[in-house]
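Results of the structural survey
Residues per chain, in single letters:
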Amino acid sequence: MVGTFHQSPTLWLTLGQVFMGLALLLALGYYLWPALVPLATRIANDDNYSSGLIIPLVIGYILYRKWPELRQPWRPSWWGLAVLTLGFGLFFLGAVLTIEYISQLSLVVLLAGVLWLLGGWQRVKQLGFPLLLLAMVIPLPQFFISKLTLRMQLASSQLAAEMLRLAGYPVALFGNVIDLGDRQLQVVAACSGLGYLFNALGLGVIFCYFFQRQAWKVVLLLLAMIPFAIVGNATRLACIGIWPIFEKGFWHASFGLSIFILGFDYLRGINWLLNYVSPMSTREEGKGKGEKDADLIHEMPIPNPGSTLPGPRPRFSSYASLAAGLVLVLVISPFAVKGVQVTPVPLKQSFERFPMQLGPWEGRHVHVESSIVAATGADKVLNADFTNPAQGPVSLWIAYYENQRSRASVHSPMTCLIGSGWKTAHTEVFELAPGKPINFLILDQGGNRMAVYYWYFERGRWLASDYGHKLGIGLDRLRLGRADGALVRLTTPVTGDVGQAKARMDSFLHQLRPILPEFIKDDKRSEK
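Below, the structure is looked at part by part. Nothing here was measured: the structure is a model prediction, and the numbers come from that model.

Glancing now at the packing of helix H5 (residues 100-126) against helix H6 (residues 128-136). Following both chains from N to C, one finds H5 and H6 inclined at 175°, their axes separated by 10 Å at the closest point. The pairing of H5 with H6 is recorded here as roughly antiparallel in orientation. In this structure, H5 contributes Leu105, Val108, Leu111, Ala112, Leu115, Val124, Lys125 and Gln126 to the contact, and H6 contributes Gly128, Leu131, Leu134 and Ala135. Looking at side-chain class alone, the contact of H5 with H6 contains nine nonpolar, two polar and one charged residues.

As structure tokens, this is what we get:
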């Protein structure tokens, strides 16, 4: 008996669709190449995202499993144009707000738009997990990474210190610095355990795709990877404290790899326990082991070898939607990429000419190591100590950015201060004058207290909020074509009453306010 069928699996994509799809991808690649190169470079060099190097292999295996589905005819959809437009909008928004994550995430949305345009929602749904994997390897926003890194540093340091104490070693902990007496172990950002966390979560997501499909179990498995990453990193730090050979080189890398391999066994154990407590049904177990794809092969219509019935010819609208997508890419891409470029705005005059006599306050420049300047990403910095014989010392720090970008932007000093061992005793925001908010902090370190003022001085405005700072950059990029700005920070020791320390900084700030506009430009267009 000769089987009948309506679609030939050999005509899953016409030659015209293939050429137009390639033209779309090439056009996107050409215009977005400046965003793709730094993304690939960071994934290759950043240990926090080292799992991204195996993602192409995982995606290749998934495509191999889904090949029978993908060989069915593709039906272009006009909805792909809407997704492409959304992707370009996200790219533009990320560039305006100097949030590289949004711009890079838009690349996945644009790829989904091309896929939707070529094959409709069905193809996007079939390849949804590979798209999710691509989104997962995109580095998170730097301001979020900084805060998360600090918390991971402190948690790993505290746990490692406790492990060393249990092992009989005398330990003193100062923030992220573990003092072992004869030497110190500083838990820097690279050793915070953030890489363990990201890679463990990536491993967990891939594991659940193949072996677990019940939503509540997936959530528990992923949550279980968080303490695993923290404990694993703390164990590594404790071992470095006991055996310095693990601090760098081959043994350092081998120890990290062993933790990652152990994570897979840990996942298998937790997954077995969850399935033991609540067994999966036969259908759910099949979804976790690839039987869904195998069933599809048996359900596919198999043509008779002697049959020559052709598949349906693509309609004119199919080519029209692809052509419209290509036109959309060619028209919008140049605007999205180049429409937010700004001209760097230098200081009005060098910080070397900053006056060291401000009323009764007499100061001196303090040298800053080039490595510290590079870590801030600032174009120019000023570090100076001022003293008023009647009131005491105040330290001034200004970091200036000619053109703020995603990884070279003004950021809160809290990360550096807390990372160096200071704990927040008090925090508030007050207005020195209408429209001039300031962050006020009281920090404590082993009984020593310090008062801090800081704010963002950007294009004539004073800002105290991190989010307001980001929004202000976006608005002024569009309004003024500028993204320059500075962080201004004052610090003074608290030796008695907090009110005295605050009055000391207020007195210094009264002298500083009229000086700042002489070095940092305001928001007038004519000064660009």
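Having put the structure on the table, let's press on.
The next thing to look at is the pairing of strand E9 (residues 436-445). It is a general feature of regular strands that their side chains alternate between the two faces of the sheet. Buried residues dominate E9, accounting for seven of its ten residues. With nine bridges joining them, strand E8 (residues 423-433) and E9 adopt antiparallel strand pairing. Counted as the bridge partner of Glu431 is Pro437 from E9. Here E8 folds back onto E9 in antiparallel fashion, the turn holding two residues, of which Gly435 has a positive phi close to 80°. Where E9 meets strand E10 (residues 448-458), seven bridges bridge the pair, whose relative direction is antiparallel. Among the inter-strand pairings, Asp444 is bridged to a residue of E10, identified as Arg449. Hairpin geometry of E9 and E10 is characterised by an intervening segment of two residues between the two adjacent antiparallel strands and by a positive phi of about 60° at Gly446.

Moving on, we come to the packing of aromatic side chains. For the structure shown, the criterion picks out 18 aromatic pairs. With 5.4 Å between their ring centres and 85° between their planes, Trp361 and Phe508 make a pair best called edge-to-face. One end of the pair, Trp361, is in strand E5 (residues 361-365); the other, Phe508, is in helix H17 (residues 498-512), and 147 residues separate them in sequence. In this pair, the class of Trp361 matches that of Phe508, namely buried. A centroid spacing of 6.2 Å and a plane angle of 90° characterise the contact between Phe457 and Trp462, whose relative ring orientation is edge-to-face. Residue classification places Trp462 among the buried positions, given a relative accessible area of 7%. Grouped by ring-pair contacts, the aromatic residues Tyr61, Phe129, Phe207, Tyr209, Phe210, Phe211 and Phe264 constitute a single cluster. For the cation-ring pair, Lys502 lies above Phe430, with the distance from its terminal atom to the ring centre recorded as 4.2 Å. The ring of Phe440 carries Lys502 above its face, with NZ or CZ at 5.7 Å from the centroid.

What follows is about the layout of surface pockets. The space that makes up the second largest pocket amounts to roughly 1,100 Å³. The wall of the second largest pocket is formed by 39 residues, among which Leu25, Leu107, Leu111, Leu131 and Leu134 lie closest to the centre. Secondary structure elements with two or more residues in the lining of the second largest pocket: helix H1 (15-45), helix H2 (55-65), helix H3 (67-70), H5 and H6. Grouping the constituent residues of the lining of the second largest pocket by class yields 34 nonpolar, five polar and no charged.

Cut-off values and rules
- Residues numbered from 1 in each chain as written.
- Predicted model: local features only at pLDDT ≥ 70, side-chain atom pairs only at ≥ 80, totals over all residues.
- Heavy atoms only, no water.
- Axes fitted to C-alpha atoms, helices over the stretch in contact; angles between N-to-C directions.
- Helix = DSSP H or I, 4+ residues; strand = E, 2+ residues; numbered from the N terminus.
- Parallel < 35°, antiparallel > 145°, perpendicular 65-115°, else oblique.
- Contact = heavy atoms within 4.5 Å.
- Nonpolar A, V, L, I, M, F, W, Y, C, P; charged D, E, K, R; others polar.
- Buried < 20%, exposed > 50% of the residue type's maximum accessible area, 1.4 Å probe, protein only.
- Pairing = 2+ DSSP bridges.
- Phe/Tyr/Trp six-rings, centres within 6.5 Å; stacked < 30°, edge-to-face > 60°.
- Lys NZ or Arg CZ within 6 Å of the ring centre and 35° of its normal.
- 1 Å grid on protein atoms, 1.4 Å probe; cavity = no way out; pocket = protein on both sides within 12 Å on 5 of 7 lines; lining within 4 Å.
- Points joined across faces, edges and corners; volume = space filled by probe spheres on them.

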